[in-house]
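Read off the chains here:
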Amino acid sequence: LERINVRIQMASGFFLLVLLALSASHALASDPGQLQDFCIADRTSQVFVNGFACKDPKTALVEDFFFSGLHMAGNTSNKQGSAVTAVNVAQIAGLNTLGISLARVDYAPYGQNPPHIHPRATEILTVLEGSLYVGFITSNPENKLFSKFLNKGDVFVFPQGLIHFQFNYGTNKAIAIAALSSKNPGVITIANTVFGSNPSISGDILAKAFQVDKKMVDHIHAQF
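We now turn to the structure provided with this report. Per-chain numbering applies: the sequence of each chain, read as written, is numbered from 1 onward. Reporting of local features is limited, given that this is a predicted model, to residues whose pLDDT is at least 70; pairs of side-chain atoms are given and counted only at 80 or more, and all residues count toward the totals for whole chains, interfaces and linings. Heavy atoms throughout the structure, all of them, feed into the side-chain values; hydrogens and water do not.

With that settled, consider the state of the cysteines. Any two cysteine sulfur atoms lying within 2.5 Å of each other are counted as a disulfide. One pass over the full model with this rule turns up one disulfide. A sulfur-sulfur distance of 1.7 Å marks the disulfide that ties Cys-39 to Cys-54. Judged by the sign of its S-S torsion, about -100°, the bond between Cys-39 and Cys-54 is left-handed. In this pair, Cys-39 is assigned in the loop between α1 (2-27) and β1 (82-87) and Cys-54 in the loop between α1 and β1, connecting sequence segments 15 residues apart. Among the residues examined, Cys-39 registers a relative accessible area of 4% and is labelled buried. A 1.4 Å probe rolled over the protein chains alone gives each residue an accessible area, and that area as a share of the maximum for its type sets the label: buried under 20%, exposed over 50%, partly exposed in between. For Cys-54, a relative accessible area of 38% translates into the label partly exposed. Put simply, DSSP marks the helices as runs of H or I at least four residues long and the strands as runs of E at least two long, and each gets a number from the N terminus on.

Structure below.
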């Protein structure tokens, strides 16, 4: 009977540890939680923390929580035909530690927001004008594509860390608003990162990775 009780206690302890581990991993899966009303980013601070140090709340101004400019269209006269106007902690200091940000994305006809990832945020996209073809790809080994055609008023979610894209398949401009679950979601555009790194990744490595001739890799490298 004592052995049974010991085993039960051990099993209960192990189960408690598992629950604690799951709780901890969930807590660490997004921006840190709030311990005060706000923590306005002090970009002049020499203190290095995971994010930004807080400035004295007594010096807070209403401008620390304000941004103006999303009514203005971005310049889409570039190779991709798109422009992202970000509103994160870099633009609104009061977003520091709040775990949220957003962006306006403008698309020229047949313009795209090329394949990219946000390493620190899930994104929810709302189409305000025009039509978009959007999608994301799951991680290895499945690499399954989830894609959909969106129209004005439609909403689509891109899970954190997964490669995703948006393409304006219409002949008119398109506009979308993206909300992200981090004050500083980050962005890694796949093509720019792989072919535009500094210093460059060896052409031999990329040729083997993409299973193409090295001359093709050199040609793509030259674009970046």
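Glancing now at the pairing of strand β8 (residues 164-167). Direction of pairing for strand β3 (residues 112-117) relative to β8: antiparallel, over a ladder of three bridges. Following the sheet pairing, Asn-113 is matched in β8 by Gln-166. With four bridges connecting them, strand β5 (residues 132-137) and β8 associate as antiparallel partners. Paired with Gly-135 across the two strands is Phe-165, which belongs to β8. We treat two strands as partners when DSSP finds at least two bridges between them.

When the centres of two rings from Phe, Tyr and Trp lie within 6.5 Å, Trp using its six-membered ring, the rings pair. Their planes under 30 degrees apart give stacked, over 60 give edge-to-face, and anything left gives tilted. All chains considered together, the criterion is met by nine aromatic pairs. Aromatic side chains Tyr-133 and Phe-165 sit 5.7 Å apart centroid to centroid with 50° between the ring planes, which places their arrangement in the tilted category. Within this pair, whereas Tyr-133 is found in strand β5, its partner Phe-165 is found in strand β8, the two being separated by 32 residues in sequence. Among the residues examined, Tyr-133 registers a relative accessible area of 22% and is labelled partly exposed.

Another aspect to go through is the sheet that holds strand β2 (residues 101-107). The five strands lie next to each other as β1-β2-β9-β4-β7, forming an open sheet whose pairing is antiparallel. The strands lining the two open edges of the sheet, one partner per strand, are β1 and β7 (155-158). Strand after strand, the sheet turns through a mean of 20° between neighbouring axes, direction not considered. In this structure, β1 lies alongside β2, joined through six bridges in antiparallel fashion. Across the sheet, the residue bridging to Thr-85 is Arg-104, located in β2. Axis definition: a line fit to C-alpha positions, over the contact stretch in the case of helices; interaxial angles, taken between N-to-C directions, run 0 to 180 degrees.

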